[in-house]
Amino acid sequence: MALLITNECINCDVCEPECPNGAISEGETIYEIDPGLCTECVGHHDEPQCIRVCPVECIVKDPDHAETEEMLFQKYLRLTEAGRP
Ligand code: SF4
Ligand code: SF4
């Protein structure tokens, strides 16, 4: 599944540059994850980098975007294909 930033986010901006998919951006009140871009870091890292660095542990699995490991890997492939010239 994609991940979700809860409203405990303190807008510290630590996670945004760590995301290999550019899925994190500053929203109106807190940071947000684009579920179309988040692969839970599958294809890039062994663990979600945003969760690893978030100082307040406010990033959780998004129950509205349940995906299997295989689906996440397919998303990774689509995203990396799309990024090629
Ligand atoms: S889990 Fe990985 S891909 Fe998803 S938002 Fe966090 S850093 Fe980005
Ligand atoms: S690292 Fe955590 S607290 Fe900081 S902006 Fe990202 S989600 Fe918010």
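Structural data are supplied above this passage.
These lines cover the structure that appears in this document, whether it is placed above or below.

**Focus: the overall build of the protein chain**
When its secondary structure is counted, the protein chain shows two helices and four strands. Of the regular secondary structure in the protein chain, the N- to C-terminal order runs β-β-β-α-β-α. Against the compact-globule benchmark of 12 Å for 85 residues, the protein chain has a radius of gyration of 12 Å, which places it among compact chains. Considered along the principal axes of its C-alpha atoms, the protein chain spans approximately 35 × 30 × 25 Å. Going through the 85 residues of the protein chain one by one, you find that 33% of them count as buried. Sequence-distant contacts in the protein chain: of pairs separated by 6 or more residues, those separated by 24 or more amount to 69%. Surface exposure of the protein chain reaches about 5,400 Å², of which carbon and sulfur atoms provide 50%. Of the side chains in the protein chain, 5 bear a positive and 18 a negative charge, and the two mean positions are spaced by 9 Å.

**Description of the nonpolar core**
By size, the foremost hydrophobic cluster in this structure holds 16 residues, and its most contacted members are Ile 5, Ile 24, Ile 33 and Ile 59. Broken down by secondary-structure element, the contributors of at least two residues to this core are strand E1 (3–5) and strand E3 (31–33). Aside from chain neighbours lying at most four places away, what touches Ile 24 is Ile 5, Cys 15, Glu 16, Cys 19, Tyr 31, Glu 32, Ile 33 and Cys 50.

**Overview of the site of ligand 1**
Lining the immediate surroundings of ligand 1 are Leu 3, Cys 19, Pro 20, Asn 21, Ile 24, Ile 33, Cys 38, Thr 39, Glu 40, Cys 41, Pro 48 and Cys 50. The pocket occupied by ligand 1, as judged from atoms lying within 2 Å of grid points, is the second largest cavity. Among the residues forming the shell around ligand 1, the class breakdown is nine nonpolar, two polar and one charged.

The rules behind each value
Residues numbered from 1 in each chain as written. Chains lettered and ligands numbered in written order. Predicted model: local features only at pLDDT ≥ 70, side-chain atom pairs only at ≥ 80, totals over all residues. Heavy atoms only, no water. Helix = DSSP H or I, 4+ residues; strand = E, 2+ residues; numbered from the N terminus. Rg over C-alpha atoms; globule rule 2.2 N^0.38 Å. Buried < 20%, exposed > 50% of the residue type's maximum accessible area, 1.4 Å probe, protein only. Contact = heavy atoms within 4.5 Å. Areas by Shrake-Rupley, 256 points an atom, 1.4 Å probe, with all protein chains shown as cover. Lys, Arg positive; Asp, Glu negative; His and termini not counted. Charge placed at Lys NZ, Arg CZ, Asp CG, Glu CD. Core = buried A, V, L, I, M, F, W, Y, C linked by side-chain atoms within 4.5 Å. Near = heavy atom within 4 Å. 1 Å grid on protein atoms, 1.4 Å probe; cavity = no way out; pocket = protein on both sides within 12 Å on 5 of 7 lines; lining within 4 Å. Sits in = over half its atoms within 2 Å of the grid points. Nonpolar A, V, L, I, M, F, W, Y, C, P; charged D, E, K, R; others polar.

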